[in-house]
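Coordinates in review
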Amino acid sequence: MDDLLPELCDQFPELVQVVEPMFGNFGGRERFGGEIVTLKAFEDNSLVREQVALPGEGRVLVVDGGGSMRRAMLGDMLAEKAANNGWAGIIIYGCIRDVNAIADLDLGVQALGAHPMKTDKKGVGELNVEVTFGGVTFKPGHYLYADNNGVLVSPEKLELAE
């Protein structure tokens, strides 16, 4: 099944919320999903660094970077750490860098765009708070699914009927 999101929307229209189209697919894994872990930080990826160092257990890190197009919240070293630690994917409401290296990793990565400048490291941000962008509120413990068709969230894990 190549187009997961249309199938989920057809089967669970009452459960899913679709994020407004804004993200590009940058990771080596074009289709991914899992339980949501959120963080909110503006032009500081210290919390991203902390989270990807932890066991991902198939979860998806949702980063509210305030939509900043001036700094990259994720680069190749952090993305590689996330892949090695079992994260399914990362959604960045902001930018990433090292796009060619990230494309080679077994990790789903969607972001608004690419920017070569790294962030400041001040340790500022909030973890596991509700974040809202793209017309959807992302809640820790809910589920996110992403592919080339977009991104959607659900309050529960979705399984397609055969």
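Structure's up top.
Now for a description of the structure that goes with this document. Remember, predicted model here, so these are calculated numbers, not experimental data. (Residues numbered from 1 in each chain as written. Predicted model: local features only at pLDDT ≥ 70, side-chain atom pairs only at ≥ 80, totals over all residues. Heavy atoms only, no water.)

Attention now moves to the side chain of Thr119. Considering the arrangement of structural elements, one finds Thr119 in the loop between strand S7 (108-114) and strand S8 (126-127). Exposure remark for Thr119: the relative accessible area of 4% places this residue in the buried category. A distance of 2.9 Å separates polar atoms of two side chains, one belonging to Thr119 and the other to Asn45. When sequence neighbours within four positions are dropped, the list of residues in contact with Thr119 reads Glu43, Asp44, Asn45, Arg71, Ala72 and Met73. (Helix = DSSP H or I, 4+ residues; strand = E, 2+ residues; numbered from the N terminus. Buried < 20%, exposed > 50% of the residue type's maximum accessible area, 1.4 Å probe, protein only. Polar contact = N/O pair within 3.5 Å; in protein donor to acceptor, adjacent residues only side chain to side chain. Contact = heavy atoms within 4.5 Å.)

Another aspect to go through is the nonpolar core. With 22 residues, the main nonpolar core has Val48, Leu61, Val63, Leu74, Ile90, Ile92 and Leu107 as its most contacted residues. The set of elements that each furnish at least two residues to this core consists of strand S3 (32-40), helix H2 (46-52), strand S4 (60-64), strand S5 (72-74), helix H3 (76-84), strand S6 (89-96) and S7. Counting residues in each nonpolar core, the second largest holds 16 residues, with Val131, Leu144, Ala146 and Val153 among its members. (Core = buried A, V, L, I, M, F, W, Y, C linked by side-chain atoms within 4.5 Å.)

Among the residues of H3, Leu78, Ala79 and Ala82 are the ones counted as buried. Along the axis of H3, the buried residues cluster in a sector spanning 100 degrees; they form a single face. Exposed residues on H3 whose side chains face more than 90 degrees from its buried face are Met77 and Asn84. Turning to H3, the residues buried within the fold contact H2, S5, S6 and helix H4 (99-103). Phi turns positive, to about 85 degrees, at Gly86, one or two residues after H3. (Arc of directions from axis to C-beta.)

Moving on, we come to the packing of aromatic side chains. Per the counting criterion, the structure on display carries three aromatic pairs. An aromatic cluster is present here, built from Phe23, Tyr93, Phe133 and Phe138 joined pairwise through their rings. (Phe/Tyr/Trp six-rings, centres within 6.5 Å; stacked < 30°, edge-to-face > 60°.)

It is worth spelling out the pattern of salt bridges at this point. Under the defined criterion, the tally for this structure stands at four salt bridges. As a salt-bridge pair, Asp106 and Arg29 come within 3.0 Å of each other at their nearest N and O atoms. Within this pair, whereas Asp106 is found in the loop between H4 and S7, its partner Arg29 is found in the loop between strand S2 (24-25) and S3, the two being separated by 77 residues in sequence. Residues Arg70 and Glu43 are paired through a salt bridge, measuring 2.7 Å at the closest nitrogen-oxygen approach. Remark: Glu43 occurs in the loop between S3 and H2 and Arg70 occurs in the loop between S4 and S5; sequence separation between them is 27 residues. (Salt bridge = Lys/Arg side-chain N within 4 Å of Asp/Glu carboxyl O.)

In this structure, Glu43 takes a positive phi of about 55 degrees despite not being glycine. A relative accessible area of 12% places Glu43 in the buried class. Residues other than glycine seldom take positive phi values, yet Glu57 does so here, at roughly 50 degrees. If you trace the backbone, Glu57 turns up in the loop between H2 and S4. The exposed category is assigned to Glu57, whose relative accessible area is 65%.

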